Amino acid sequence: MSGILEKVDQPKYVKQLSLEQLRQLGEEIRYELITVLAKNGGHLGPNLGVVELTLALHRVFETPRDKFVWDVSHQVYVHKLLTGRKDRFHTIRTTDGLNGFALRTESPHDSYGAGHAGTALSAALGMAAARDKKGTNENVVCIFGDAALTNGVSFEALNNIAHTTKKFIGILNDNEWSIAKNVGAIANYLSKLITHPSYNKLAKDFQGFLRRLPKGELALKLAHKAEEGFKGAINDVGLSKTGNAADSDGRGGFGSPVLFEEMGIRYLGPIDGHDLPLLISTLEFAKTCDHPIVIHILTQKGKGFDAALKSPEKFHGTGPYDIRTGDSPPAKAGSPPNYQDVMGQTLVKLCQKDNTLVGITAAMPSGTGLKHLEKAMPDRYYDVGIAEEHAVIFAAGMATMGFHPVVAIYSTFLQRAYDCIHHDVCLQDLPVIFCMDRAGLSANDGPTHHGLFDISYLRCLPNVIAMAPKDEDEMQDMMFTATHENHPTFIRYPRGAAEGVPIKDQPKVLEIGKAEVVQNFSNTGKRKVALFGLGNLNSMARKAAAQLLDEGYDCAVINPRFTKPLDAGAHEFFGKAADLVVTLEDHALAGGYGSAVLELFSEKGVTTPLVRIGWPDQFIEHASTQDELRKRHGITVENILARVKAQFGESTSRVAQLVQLT
Ligand SMILES: Cc1ncc(C[n+]2csc(CCOP(=O)(O)OP(=O)(O)O)c2C)c(N)n1
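Structural notes, computed from the coordinates. Values in this document were obtained by computation on a predicted structure and should not be read as measured data.

Looking now at the overall build of the protein. Across its full length, the protein carries 29 helices and 17 strands. At a minimum sequence separation of 6, the contacts of the protein that also span at least 24 residues come to 77%. Summing over all exposed atoms, the protein offers an accessible surface of approximately 25,700 Å²; the carbon and sulfur share of this is 52%.

Our focus in this paragraph is the nonpolar core. Ranked by size, the top nonpolar core spans 60 residues in total, and within it Ile29, Leu33 and Leu57 carry the most contacts. Among the elements that take part in this core, helix α3 (residues 19-40) stands out by supplying nine residues, more than any other. Ignoring any residue separated from it by four or fewer positions in sequence, one finds isoleucine 29 in contact with Leu5, Val51, Leu55, Val78, Leu81 and Leu82. Counting residues in each nonpolar core, the second largest holds 30 residues, with Ala362, Ala417, Met436 and Tyr457 among its members.

Counted according to the given criterion, the structure contains two cavities of 30 Å³ or more. The computed volume of the largest cavity comes to approximately 60 Å³. Around the largest cavity, the lining residues are Pro447, His450, Leu452, Phe453, Ala588, Trp615, Pro616, Gln618, Phe619 and Ile620. Of the residues belonging to the lining of the largest cavity, the class tally is eight nonpolar, two polar and no charged. Of the volumes computed, that of the second largest cavity is approximately 40 Å³. In terms of lining, the second largest cavity is formed by Met436, Asp454, Ile455, Leu458, Ala466, Met467, Phe490, Arg492 and Thr563. Taken together, the elements giving at least two residues each to the lining of the second largest cavity come down to α22 (454-459), β10 (465-467) and β11 (489-492). Its residues assigned to classes, the lining of the second largest cavity shows six nonpolar, one polar and two charged.

A few words on the site of the ligand. Not every one of the 22 residues close to the ligand is listed here, only the nearest: His74, Ala117, Trp177, Lys301 and Glu388. Take alanine 147: an N or O atom from its main chain is 2.9 Å from an oxygen atom of the ligand. Note that an oxygen atom of the ligand is positioned 2.8 Å from one of the backbone N or O atoms of tryptophan 177. Contact with the protein chains hides 98% of the accessible area of the ligand, taken as 580 Å² for the molecule alone. When grouped by side-chain class, the residues that make up the shell around the ligand number eleven nonpolar, eight polar and three charged.

Before going further, it helps to examine the sheet that holds strand β3 (residues 169-174). In space, the five strands of this open sheet follow the order β1-β2-β3-β5-β4, with parallel pairing throughout. Strand pairing shows two members of the sheet lacking a second neighbour, β1 (67-70) and β4 (266-272), which therefore form its edges. Here the strands of the sheet are splayed against their neighbours by 20 degrees on average, with no regard to which way each runs. Where β1 meets strand β2 (residues 140-145), four bridges bridge the pair, whose relative direction is parallel. Bridge pairing links lysine 67 to valine 140 in β2. Along the sheet, helix α5 (residues 51-60) contacts β1, β2, β3 and β5 (293-298); its crossing angle with β1, the most-contacted strand, is approximately 160 degrees. On the sheet, helix α7 (residues 120-134) packs against β1 and β2 and is oriented at approximately 170 degrees with respect to β2.

Neither face of β11 is left uncovered, since the one carrying Thr489 and Ile491 and the one carrying Phe490 and Arg492 both have all their residues buried. Here four bridges tie strand β9 (residues 433-436) to β11, and the two strands are oriented parallel to one another. Along β11, the bridge assignment pairs methionine 436 with arginine 492. As judged from the three bridges shared by β10 and β11, these two strands associate in the parallel manner. Looking at β11, one finds that alanine 466 is bridged to phenylalanine 490. Where the polypeptide runs from β10 across helix α23 (residues 472-483) and back to β11, its parallel neighbour, the crossover connection is right-handed.

Glancing now at helix α28 (residues 637-647). Each α-helix turn comprises 3.6 residues. Residues three or four places apart therefore point the same way. In terms of residue burial, α28 counts as a mostly covered element, since eight of its eleven residues are buried. Along α28, the residues classified as buried are Val637, Asn639, Ile640, Leu641, Ala642, Arg643, Val644 and Lys645. Remark: glycine 649 follows α28 within two positions and exhibits a positive phi of approximately 70 degrees.

Before going further, it helps to spend a moment on the pattern of salt bridges. Summed over all chains, the structure comprises 29 salt bridges. Here lysine 504 and aspartate 473 are joined by a salt bridge, their closest N and O atoms 2.8 Å apart. Of the two residues, lysine 504 sits in the loop between β11 and β12 (516-519) while aspartate 473 sits in helix α23, which places them 31 residues apart along the sequence. A salt bridge links glutamate 621 to arginine 632, with the nearest nitrogen and oxygen atoms 2.8 Å apart. Remark: arginine 632 occurs in helix α27 (residues 626-632) and glutamate 621 occurs in the loop between β17 (610-615) and α27; sequence separation between them is eleven residues. Glutamate 621 sits in the partly exposed class, given a relative accessible area of 22%. Salt bridges sharing partners connect three or more residues here, namely Lys470, Asp471, Glu474, Glu516 and Arg561.

In spatial order, the strands read β7-β6-β8-β9-β11-β10-β15; together these seven strands make up an open sheet with mixed pairing. Strands with a single pairing partner mark the edges of an open sheet, and in this sheet they are β7 (381-383) and β15 (562-564). Between one strand axis and the next, the sheet turns by 20 degrees as a mean value, whatever way the strands run. Of the strand pairs in this sheet, strand β6 (residues 357-361) and β7 are connected by three bridges, and their pairing is parallel. Counterpart to threonine 361 in the pairing with β7 is aspartate 383.

Right, let's get into the pairing of β17. By the criterion of burial, β17 is predominantly enclosed, with five of the six residues buried. Bridge analysis of strand β16 (residues 580-588) against β17 gives five bridges, and the strand direction is parallel. Note that in β17 the partner of leucine 584 across the bridge is isoleucine 613. For the crossover from β16 across helix α26 (residues 593-604) to β17, the handedness is right-handed.

In this fold, aspartate 341 is placed in helix α16 (residues 339-353). Salt bridges are absent for the buried aspartate 341, whose nearest opposite-charge side chain, lysine 371, sits at 4.4 Å. Excluding residues within four positions of it along the chain, aspartate 341 makes contact with Lys371 and His372.

Rules of the game
- Each chain has its residues counted from 1, following the order in which its sequence is written.
- Local features in a predicted model are, by the rule used here, given only for residues with pLDDT of at least 70; side-chain atom pairs are given and counted only at 80 or more, and totals for whole chains, interfaces and linings are based on all residues.
- Hydrogens are left out, water is left out, and the side-chain values use all remaining heavy atoms of the structure.
- Helix numbers and strand numbers start at the N terminus; a helix is a DSSP run of H or I with at least 4 residues, a strand a run of E with at least 2.
- Contacts were defined at the residue level, with two residues in contact if any of their heavy atoms lie within 4.5 Å.
- Shrake-Rupley sampling with a 1.4 Å probe provides the accessible areas, and residues are treated as covered by the protein chains on show and by no other component.
- Definition of nonpolar core: a set of buried residues of the types Ala, Val, Leu, Ile, Met, Phe, Trp, Tyr and Cys, connected through side-chain atoms within 4.5 Å.
- Whether a residue is buried, partly exposed or exposed follows from its accessible area with a 1.4 Å probe, protein chains only, as a fraction of its type maximum: under 20%, in between, or over 50%, in that order.
- Buried and open spaces are told apart on a 1 Å grid over the protein atoms alone, a cavity being a set of points where a 1.4 Å probe fits but cannot get out and a pocket being an open set with protein on both sides within 12 Å along at least five of seven lines. Residues with an atom within 4 Å of a point are the lining residues.
- Grid points are joined across faces, edges and corners, and a volume is the space filled by probe spheres set on the points.
- In the scheme used here, Gly and all other residues not listed as nonpolar or charged are polar, with Ala, Val, Leu, Ile, Met, Phe, Trp, Tyr, Cys and Pro taken as nonpolar and Asp, Glu, Lys and Arg as charged.
- Any residue with a heavy atom positioned within 4 Å of a molecule or strand is treated as near that molecule or strand.
- For the purposes of these results, a polar contact is taken to be a pair of N or O atoms within 3.5 Å, where, inside protein, one atom must be able to donate a hydrogen and its partner to accept one; residues adjacent in sequence count only when each atom of the pair is a side-chain atom.
- Note: two strands are recorded as paired if DSSP finds a minimum of 2 bridges between them.
- Under this scheme, a helix contributes an axis fitted over its contacting stretch, all axes are lines through C-alpha atoms, and angles between N-to-C directions fall in the 0 to 180 degree range.
- By convention, a crossover is right-handed whenever its connection, traced from the first strand over the helix to the second and viewed with the strands pointing away, goes clockwise.
- Here, a salt bridge means any side-chain nitrogen of Lys or Arg that lies within 4 Å of a carboxyl oxygen of Asp or Glu.
- Working convention for charge: Lys and Arg count positive, Asp and Glu count negative, and His plus the chain ends are omitted.

Here you go:
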């Protein structure tokens, strides 16, 4: 780190810089982002796109007094650099380092935390309402992306703004991209706004405002802009929204700001989101407005880094890369496939044989692996935008017409659609198949992205069939099994690499509610431990069993496969036969699989002691790796051994220490 950035420790310094210095600071910030993320990975493209916006925001407003609310908040790295966190920036997304999202506990400048899309407008409006009630006058600025605007919650908030407050500043950061290309009518609408031939006439009062500015370095540049009106204000952005205006509206008209204006929100723009003086003056103007306003800015995702400009999807959220080429390190030869790819490829395979199957994603074709279906069978693929509730109800609708929709949504984002799962799918007992990726940890991202609650939130709902595969071959079997069911089915699997087992050519149908006995007791008269290892933790159960055998225990290992319906027979049988039962799950202990086993034991009168291994009743922090978090929270073979020995009164000081972890 060098130059101006080194000296900028707090937003107040941003206010002291000349325009030239601000521009240089922007370049230094880009360099910092590109070099740090080359090692740590992270949301490079979105942050490169908001460098000028963030500088302008801190130039004009005064956090923490004024409030910035960022949608998703994956684009707050620049804000972190300018708000006292630059010395720790190299730790972003690593163990005990900065979080990759806005976090209220991390800085007073982070007025609102997020990680899920579509919350910013509502939260910002809530803050504005609270401010009005208190009679204070801080500014609330909400920064939301063009894809966040496809989210239903965003519209619920827009609907409510003009009725609630007179002072609200929204910034629509439009870069045409979600993670993949933004899709749907809203994306088209924004396109039309940009190609509207008279957009430059929309801002008369703003031009007047610019002309009245005192003469200064910034003002001189802005006076020039004012003379031009907004003509050319977006020329430098170079987005593809340059189409012929006549073509841009299939219904023979032009886009107009009516969507916002009819909701009582003043629309201003579109403007070049990389033009610092223009941004600064526009925000200054917004500050003077006594009515809600949305400023539509156009930015380039990945600006300043060729590789990111060329591959916006990859660099939306990337792992480490080579700074010179942008290439990711090659996968090690023979390394197992990712679960998401197995899921996508299996779905293609199943779709080829079953015409009732379709795939649905909520704006995440790559992350869920549905890109394989999009490529192979585009007519069987739906991207509904960042709209999980809609995705689930849309699937329910299709299911009523004889289809078998496969909804692929991360476990954490599916929480958004809980009522739709309950009211639309389960209550009507519709055969929707849910593939829940990232069930377990998303280590670098942290608590907003860990998928640790789905077993609990699903197993209380009638009609649910919920499964967790121990490996990728079993995942294929589970998907195949789900296609034979006439009830809602849910398959949870973790982020990242699968186990590396061969995948059968022809999947098989599993018996619903039937566990797999991986290893039985040898009945040699030793102390018996039954290890029930759910999903990806079955391999840990097997490892623990191998070590316990070495230490003189008799172990059975069971793969429960189903968290609902539980295999009552297998659980009761092994529960009664064992001296100790251990359940393992990559899920919150509260209400999870181990809890279900306890309930069953209580019903069946099984009194064998039970040790539950899983995540404690707290939000799990982020870290560099999943293993570090597992170690910290006692989800290790070592801790299982310690817990088992402690149960049999073999506690040593080391054992006692480990037991305390949980
Ligand atoms: C509820 C929810 N669904 C999906 C995601 C995954 N996600 C993170 S960012 C993003 C795209 C955001 O696009 P946009 O709002 O336009 O911001 P940009 O990254 O383009 O700046 C998506 C789909 C999420 N964070 N939350």
